[in-house]
There are 2 protein chains.
Amino acid sequence: MKAVVLLSGGLDSTVCMAVAQKKGLEVYPISFNYHQRHSIELESAKKVAAYFKVKKHLIIDTNMNRNPGGSALTDSHIDVPAGDVERPDIPVTYVPARNLIFLSYALGYAEVLGAEYVYIGVNAVDYSGYPDCRPEFIQKFQDLANYATKATAAEHKQIKVLTPLQDLSKKDIVLLGNDLQAPLHLTRSCYNGGEKACGTCDSCKLRLKGFAEAGVKDPIAYL
Amino acid sequence: MKAVVLLSGGLDSTVCMAVAQKKGLEVYPISFNYHQRHSIELESAKKVAAYFKVKKHLIIDTNMNRNPGGSALTDSHIDVPAGDVERPDIPVTYVPARNLIFLSYALGYAEVLGAEYVYIGVNAVDYSGYPDCRPEFIQKFQDLANYATKATAAEHKQIKVLTPLQDLSKKDIVLLGNDLQAPLHLTRSCYNGGEKACGTCDSCKLRLKGFAEAGVKDPIAYL
């Protein structure tokens, strides 16, 4: 059986790949080049895909949000803020409708491949406040998926969206990844696009906290 | 008030633009260059946008389905069949998850613009059998939209997906377009990419039937 896996090259999606492969599924990663500031993460995605010896790694090029703007992750005029993961509002690093767009492509790809699963590494515990990482959002997407494609609407096939990391903290994700021997050394989480991770943005802070709490040494290089 | 309008350059989306503008909304068309075989329709979309004197016409470039394949509209190895609009199955011109992907971008764009509406010219009467043109699909998307973005999930704004052509036949759409003085002469509906419309594919047949039943002369050129 086949599974499409949304792979950013970050910690979460890489552990998600490891979970899907461990289940014996044939994994088909899909990644996006959306002119994100941290496009170096796409290089990580390629290395992770190669590590898993996948048959094919689909990379979708899209100029989404380069024109509309509105996010620090795609607009070079907005600074990525230093991390303050305790604040309650949605950060400027939020990209409008990103996970919805990514899942939509993944669903279409799953239909083409005849895959039964779409894996996405969202988690609602240490989730930075993005609305499209919440379980309610995923559930609504699943409801929609059953109506959206030829496979699901006319041929009564199921394409299930799975979120194995949904209830895990970053600490749990690090422990799970370690356990599954996921290639954590190839992953990138930093919002800034430098060769080494900055260690100070939201994403770096969450990651470092997770590794620290797990008692595992983060194998990547920091500034 | 602002409205994002999905504009393919075809008859339906152009009439949809006219409906939105007639309501006094500031229209923001969004079109897609997805390496469709009939990319000449993008030229029509540009002409239609210019006709409506829009502030901005957003064109999203994406290689969707060029790699995954699976549709006669994006894969040059599959022939576009001559029209037989009576057959009950979903035709090979179906593009996996296309309307879902388009609506997802439109929703993100609406959020960035602060628009309250997304218009899409789907109709379930003469709809060629695509699952993602049905009212059930649109309703499920609306349910999801309320959970998908910062605007709708956290700020309690509504972004409404409107489908003014949902219950109209092609005849009704032609009559409505004529009535609103929509630029029908600039539209393209043909699935084949020639300079002149083929007159024989599904889309041309539906269009010609609609004009004939409406008693309106189709202003575009046919082979």
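Residues numbered from 1 in each chain as written. Chains lettered and ligands numbered in written order. Predicted model: local features only at pLDDT ≥ 70, side-chain atom pairs only at ≥ 80, totals over all residues.

Visitor: Please clarify how the overall build of chain A should be interpreted in this entry.
Guide: Tallying secondary structure elements over chain A gives seven helices and five strands in all. Moving toward the C terminus, one meets the helices and strands of chain A in the order β-α-β-α-β-α-β-α-α-β-α-α. Of all 223 residues assigned to chain A, the portion counted as buried reaches 54%. Of all intrachain contacts in chain A linking residues separated by at least 6 positions in sequence, the fraction that spans at least 24 positions is 71%. (Helix = DSSP H or I, 4+ residues; strand = E, 2+ residues; numbered from the N terminus. Buried ≥ 20, exposed ≤ 12 C-beta atoms within 10 Å, placed from the backbone. Contact = placed C-beta atoms within 7 Å.)

Visitor: Where do I start with the sheet that holds strand β2 (residues 26–33) of chain A in this structure?
Guide: Strands in a sheet are paired, the pairing made by backbone hydrogen bonds, and the direction either parallel or antiparallel. Residues and elements named next belong to chain A. Spatially, β3-β2-β1-β4-β5 is the arrangement adopted by the five strands of the open sheet, whose pairing is parallel. The open sheet terminates on both sides in strands that have one partner only, identified here as β3 (58–61) and β5 (160–162). Neighbouring strand axes in the sheet, compared pairwise and without regard to direction, differ in orientation by 25° on average. In terms of strand pairing, β2 meets β3 through four bridges, oriented parallel. Each residue of the ladder has a partner; that of Asn33, found in β3, is Asp61. Together, β1 (2–6), β2, β3, β4 (117–119) and β5 form the strand contacts of helix α3 (residues 98–113), whose direction differs from that of β1 by roughly 160°. (Pairing = 2+ DSSP bridges. Axes fitted to C-alpha atoms, helices over the stretch in contact; angles between N-to-C directions.)

Visitor: I'm lost on the sheet that holds strand β1 (residues 2–6) of chain B in this one. Help?
Guide: Residues and elements named next belong to chain B. The five strands are arranged β3-β2-β1-β4-β5 in an open sheet whose pairing can be described as parallel. Here the strands that pair on one side only, and so sit at the sheet edges, are β3 (58–61) and β5 (160–162). Averaged over neighbouring strand pairs, the angle between their axes works out to 25° when direction is ignored. Relative to strand β2 (residues 26–33), β1 runs parallel, the two sharing five bridges. Bridging from a neighbouring strand, Leu6 pairs with Ile30 of β2.

Visitor: So what exactly am I meant to see when it comes to the confidence of the model for chain A here?
Guide: When pLDDT is low, close inspection of the predicted coordinates is not appropriate. Residue and element names in this part refer to chain A. Across chain A, the average pLDDT comes to 83, with 81% of residues at 70 or higher. In this model residues 66–73 is a low-confidence stretch, pLDDT under 50, and it forms 30 contacts with partners more than four residues away in sequence or in other chains. If you check the scores for this complex, the pTM reads 0.85 and the ipTM reads 0.83. (pLDDT = per-residue confidence, 0-100.)

Visitor: Teacher, can you tell me more about the packing of helix α4 (residues 135–148) of chain A against helix α4 (residues 135–148) of chain B here?
Guide: Each pair of packed helices can be summarised by the angle the axes make with each other and by the distance between the axes. Contact pair α4(A) / α4(B): the axes reach a minimum separation of 9 Å and the direction vectors enclose 165°. Classified by the angle between their axes, α4(A) and α4(B) sit roughly antiparallel to one another. Note that α4(A) runs across α4(B); the crossing there is left-handed. Touching A:Glu136, A:Phe137, A:Lys140, A:Phe141, A:Asp143, A:Leu144, A:Tyr147 and A:Ala148 of α4(A) are B:Glu136, B:Phe137, B:Lys140, B:Phe141, B:Asp143, B:Leu144, B:Tyr147 and B:Ala148, all from α4(B). When the residues that make up the contact of α4(A) with α4(B) are grouped by side-chain class, the tally is ten nonpolar, no polar and six charged. (Parallel < 35°, antiparallel > 145°, perpendicular 65-115°, else oblique. Left-handed = near helix turned anticlockwise from the far one by under 90°. Nonpolar A, V, L, I, M, F, W, Y, C, P; charged D, E, K, R; others polar.)

Visitor: Looking at this structure, how should I read the packing of helix α6 (residues 170–179) of chain A against helix α7 (residues 202–214) of chain A?
Guide: Residues and elements named next belong to chain A. For the pair α6 and α7, interaxial distance at closest approach is 7 Å and the crossing angle is 65°. It follows that α6 is roughly perpendicular to α7 by the angle criterion. Of the two possible hands of crossing, α6 and α7 adopt the one that is right-handed. Between α6 and α7, the contacting residues are Lys170, Lys171, Ile173, Val174 and Leu175 on the first element and Leu206, Arg207, Lys209, Gly210, Phe211, Glu213 and Ala214 on the second. Residues that form the contact of α6 with α7 fall into these classes: six nonpolar, one polar and five charged.

Visitor: Just checking my understanding: could you explain α6(A) for this structure?
Guide: Since the α-helix advances by 3.6 residues per turn, residues separated by three or four positions end up pointing in the same direction. Residues and elements named next belong to chain A. Inspection of α6 places Lys170, Ile173, Val174 and Gly177 among the buried residues, and these make up the whole buried set. Taken around the axis of α6, the buried residues stretch over an arc of 100°, which confines them to a single face. Structurally, α6 contributes buried residues whose contacts are with α1 (11–22) and α7. Phi turns positive, to about 55°, at Gln181, one or two residues after α6. (Arc of directions from axis to C-beta.)

Visitor: How should I be thinking about the environment of B:Tyr105 in this particular structure?
Guide: Residue and element names in this part refer to chain B. Examined against the element boundaries, Tyr105 turns out to sit in helix α3 (residues 98–113). Classification of Tyr105 by C-beta neighbours within 10 Å gives buried; the count is 26. C-alpha of Tyr105 to C-alpha of Ile60: the two residues are 45 residues apart in sequence and 8.6 Å apart in space.

Visitor: Looking at this structure, how should I read the pairing of β2(B)?
Guide: The two faces of a sheet get side chains in turn, since along a regular strand they alternate between them. Burial of β2(B) is extensive: six of the eight residues sit out of reach of the surface. Taken together, β1(B), helix α1 (residues 11–22) of chain B and β2(B) form a β-α-β motif whose crossover is right-handed. (Right-handed = clockwise from strand over helix to strand, strands pointing away.)

Visitor: I'm lost on the environment of A:Gln158 in this one. Help?
Guide: Along the chain, A:Gln158 turns up in the loop between α5 (150–153) and β5. Once the C-alpha coordinates of A:Gln158 and A:Glu116 are considered, the two residues, 42 residues apart in sequence, prove to be 6.3 Å apart.

Visitor: I keep staring at the nonpolar core and nothing clicks. Help me out?
Guide: Soluble globular proteins tend to pack their nonpolar side chains together in the buried interior. Counting 117 residues, the largest nonpolar core has A:Val4, A:Val5, A:Ala106, A:Val118, B:Val5, B:Ala106 and B:Val118 as its most contacted members. Looking at this core, the element that brings in the most residues is α3(A), giving eleven residues. (Core = buried A, V, L, I, M, F, W, Y, C linked by C-beta atoms within 7 Å.)

Visitor: Hey, could you run me through α3(A) in this one?
Guide: For α3(A), spanning 16 residues, the distance from its first C-alpha to its last is 23 Å, which sits close to the expected 22 Å at 1.5 Å a residue. When you tally the buried positions in α3(A), you get 16 out of 16 residues, the bulk of the element. (Expected span 1.5 Å × (residues − 1).)

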